[in-house]
Amino acid sequence: MPQYNYSDIKFQIKGKVGIIQFNRPKSLNSFGGRLIIDTIHALRVLDNHPDTVFTVVTAAGRFFSSGADVKAESERGGQFYHSDAEKKLAIVNQISGNTQLVSSLILHRKVLVLAMNGPAVGGGAAWFQGVADIVLASTTTWLQCPFSALALVPEFGSAGSFPQSIGVHRANDILMLGRKIAVDELLQWGMVNRVFEHEGFHDKVVQYLQEQLDVNDGKSMLEAKRLMNVPLQRGRLASLYEAVDAVAERFVEDAPIQRFAEKSRLLEVHGVNPANGKPNPEVPVSTPQDVDSAVAAAKEASKTWAKVPWADRKKAVLGYADALEQHASDFAKLLTQEQGKPIATAELEVQVGVQWLRELAKIELSEEIVQEDNEKQVIVRYTPLGVSVGIVPWNFPIHLACGKIAPSLLTGNPIIIKPSPFTPYCDLKLGELGRSFFPPGVLQVLSGDDNLGPWLTAHPGPDKISFTGSSATGKLVMASAAKTLKRVTLELGGNDPAIVTKNVDVKAAAAKVGGLAFFNSGQVCLAIKRIYVHQSIYDEFRQALVDFTKTLKIGDGNEEGISLGPVQNSMQFEKVKTFFSDIEKEKWNIAVGGVNEEKPGFFITPTIIDKPAEDSRIVTEEPFGPIVPLLEWNDEADVIARANNTKLGLGASVWSNDMEEAGRIARKLDAGSVWVNTHIELDPHAPFGGHKESGIGYEWGVGGLRAYCNLQTLFLKKSASEL
């Protein structure tokens, strides 16, 4: 029998514990894609497994489960049916997968443990009470079932299971009135068995279950489940199928369709303060209709903005820069709250954003006469492309937004900024600030989930996409933009090497290299990610680098003296931790760090791996976190080859007091930006981009502005009589 490949869940068996992890974090683990089929298959495997006692159902990302996709449901209407009966049958078929999943959970033979790692909403909250034998929750968990607000009825048999479990009045609070219930109240009401801290939650769940297996007989627990559940199963299944009928009737009446459409426009999510895990304010999630409206407004604005004289566009951009500078303190505080970086680093980012606006405004694209004689004149001119879209990552949301806003607006192109879902706040405020300086439609900001980027790149309206982010996502952006031949500028990932020669002041160079490797907790596309040190000074340099690293203070960016804040979001946090998991498995030697303290927030200890294998993950991949390999070299040609042995080519640096040596090595490095005795330092007047899979095109400088323009060549014959 062929091996089954899971796509929307992660499935593993650890001894007597089977673990099913919903793995659609970008859609908040809603019941879509292959998640239902994958989960049912895994449940059947565990039903027949001879050794497992517990089946854990949990999720990746920050949501446990979100039920229906509001946006998709808002588009359910519009299909023609000959009768209400035909329409009802179609609706029942559409939701049959959900019903089969819950039925499989109700009938599952193993002890079913729900490990709620975060919020459960709508249908994602309705099903667990009637199926789970044990419910464990993280401190970030909350529950809400806004069925009445969506003109729906309680789903998945919850109308039967909730009153049976917590009483009619409490059940009405949740199912009828849609009240949001925090985890402490869930514990008080007996809806969860235990609550664990969010940090390390999944490991704590497995440890807790192992403790139960150590003191309890597995077969006895399974038999206890059977004896308790057999009398209840018939009623639970009856409630499940009765709910299917009631939900279908609501859709036959089209009652939820308008509500879904309204709610999809008002749907809000919140980011998380990465220093403590607490939710930030809610922000709107854009819909396809919002995208259409924004593009239409930008298209309309482009008709007049393109005709505004360059001097007036420049004046508006400079006024905008002045306003940002006036509000620098507020922006810096908000940036620390949403991104996590120390307040001093946040203040620096705001200043750099202002600098980029002002310096890019000094560049002007004038018409160029490339040839002229008595007979003809050839002129090259630059005209606006139309509407541009700037997709901004979460590591430098202010600086990188300003770096897209200035060239786009200066060259006559209205722009729509799409911030990362993790850091929308500062960019939304940048959009709000722009209202005082630019006409409607010229500068817009749309916040949203992970659907928003693909909607914008695939939309036929925009003429240019400027994207900063990972190489993997950049390829998707390019493929999407190719369908309408949009112009693209892609600034993508890096795996920057730093080559340290023997001709350096070891202590000073180690401090600089370490600071540039760990700057912004390593969350910089241009951060030093591989450090090659000459063999003759390797031991001395390593000790100096270790000593410097030990001076770095990690904590909440608002605290005084903090050097490094947290990793920005839980997904990146978990990714960086996989490198720490490899330490023991790959037998890496730790020069410093290596262990992460368990505490609230997404904090990673700055870590140096001493002489890992050249083909190990820590050398070949981009961790995008504060963990870096230290490697040795003694042959110049060899270290250049090793430094260039990557699909990426964003930046590189050479460290030497011998300028002839440094220049010789630097010119052989295959990267878009190469520094000597520094790294990361950028200039708005210089082009910035990557080689190989680190990007397409360039930002900033004269070339960066030209990337927002059509090039037009005018061939002017001075006398028509000579034709």
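Residues numbered from 1 in each chain as written. Predicted model: local features only at pLDDT ≥ 70, side-chain atom pairs only at ≥ 80, totals over all residues. Heavy atoms only, no water.

Undergrad: Sorry, what's going on with the pairing of strand E15 (residues 415-418) here?
TA: Every regular strand shows the same layout, with side chains that alternate between the two sheet faces. A two-sided burial pattern is seen for E15, the buried positions comprising Ile415 and Ile417 on one face and Ile416 and Lys418 on the other. Relative to E15, strand E14 (residues 388-391) runs parallel, the two being bridged by 4 bridges. Residue pairing for E15: Ser388 is matched across the bridge by Ile415. Taken together, the 3 bridges between E15 and strand E16 (residues 443-445) define a ladder with parallel strand orientation. Its bridge partner being in E16, Ile416 is matched across the sheet by Gln444. Following the backbone out of E15, through helix H17 (residues 425-434) and into the adjacent parallel E16, one traces a crossover that is right-handed. (Buried < 20%, exposed > 50% of the residue type's maximum accessible area, 1.4 Å probe, protein only. Helix = DSSP H or I, 4+ residues; strand = E, 2+ residues; numbered from the N terminus. Pairing = 2+ DSSP bridges. Right-handed = clockwise from strand over helix to strand, strands pointing away.)

Undergrad: Could you clarify how one ought to interpret the UniProt feature "active site" (unreviewed entry) in the protein in this entry?
TA: The UniProt feature table records "active site" (unreviewed entry) at Glu491. Structurally, Glu491 is set in strand E18 (residues 487-491). Setting aside residues no more than four positions away along its own chain, Glu491 makes contact with Phe467, Thr468, Gly469, Cys525, Leu650, Phe688 and Ser694. (UniProt positions renumbered as here; feature names shortened; annotations may be inferred. Contact = heavy atoms within 4.5 Å.)

Undergrad: What should I look at first to understand the domain arrangement of the protein in this one?
TA: Note: interface size is frequently given as the accessible area lost on complex formation between the parts. As far as domains go, the protein holds domain 1 (9-70 + 77-262), domain 2 (288-492) and domain 3 (496-684). On a C-alpha basis, the centres of domain 2 and domain 3 stand 31 Å from each other. Opposite the 21 residues of domain 2 that make contact, domain 3 presents 22 residues. Inspection of the region where domain 2 meets domain 3 yields 0 salt bridges. Applying the counting criterion to the domain 2 and domain 3 interface returns 4 residue pairs in polar contact (both at pLDDT 80 or more). (Domains from an automatic or database assignment. Salt bridge = Lys/Arg side-chain N within 4 Å of Asp/Glu carboxyl O. Polar contact = N/O pair within 3.5 Å; in protein donor to acceptor, adjacent residues only side chain to side chain.)

Undergrad: Looking at this structure, how should I read the environment of Pro419?
TA: Structurally, Pro419 can be placed in the loop between E15 and H17. On the accessibility criterion, Pro419 (1% relative accessible area) is buried. Every residue in contact with Pro419, bar those within four places of it in the chain, is listed here: Val392, Pro424, Asp427, Val445, Leu446 and Ser447.

Undergrad: So what exactly am I meant to see when it comes to the nonpolar core here?
TA: One broad trend across soluble globular proteins is that nonpolar side chains are buried collectively. Among the nonpolar cores identified, the biggest contains 81 residues, and Leu324, Leu409, Phe438, Val500, Ile531 and Phe541 are the most heavily contacted of them. For this core, the leading source of residues is helix H16 (residues 397-410), giving 8 residues. Lining this core are residues from two domains, each supplying at least three of them: domain 2 (288-492) and domain 3 (496-684). Among the nonpolar cores identified, the runner-up in size contains 45 residues, and Phe31, Leu143, Cys145 and Phe162 belong to it. (Core = buried A, V, L, I, M, F, W, Y, C linked by side-chain atoms within 4.5 Å.)

Undergrad: Help me understand the pattern of salt bridges, please; the structure alone is not making it clear to me.
TA: Charged atoms that come close allow side chains of opposite charge to pair. Throughout the structure, instances matching the rule amount to 31 salt bridges. Note that Arg179 and Glu185 form a salt bridge whose closest N and O atoms lie 2.9 Å from each other. By relative accessible area, which is 30% here, Arg179 ends up partly exposed. When the shortest N-O distance is used, the salt bridge between Lys303 and Glu300 registers 3.1 Å. Pair noted here: Lys303 and Glu300 are both in helix H12 (residues 288-305), with a separation of 3 residues, about one helical turn.

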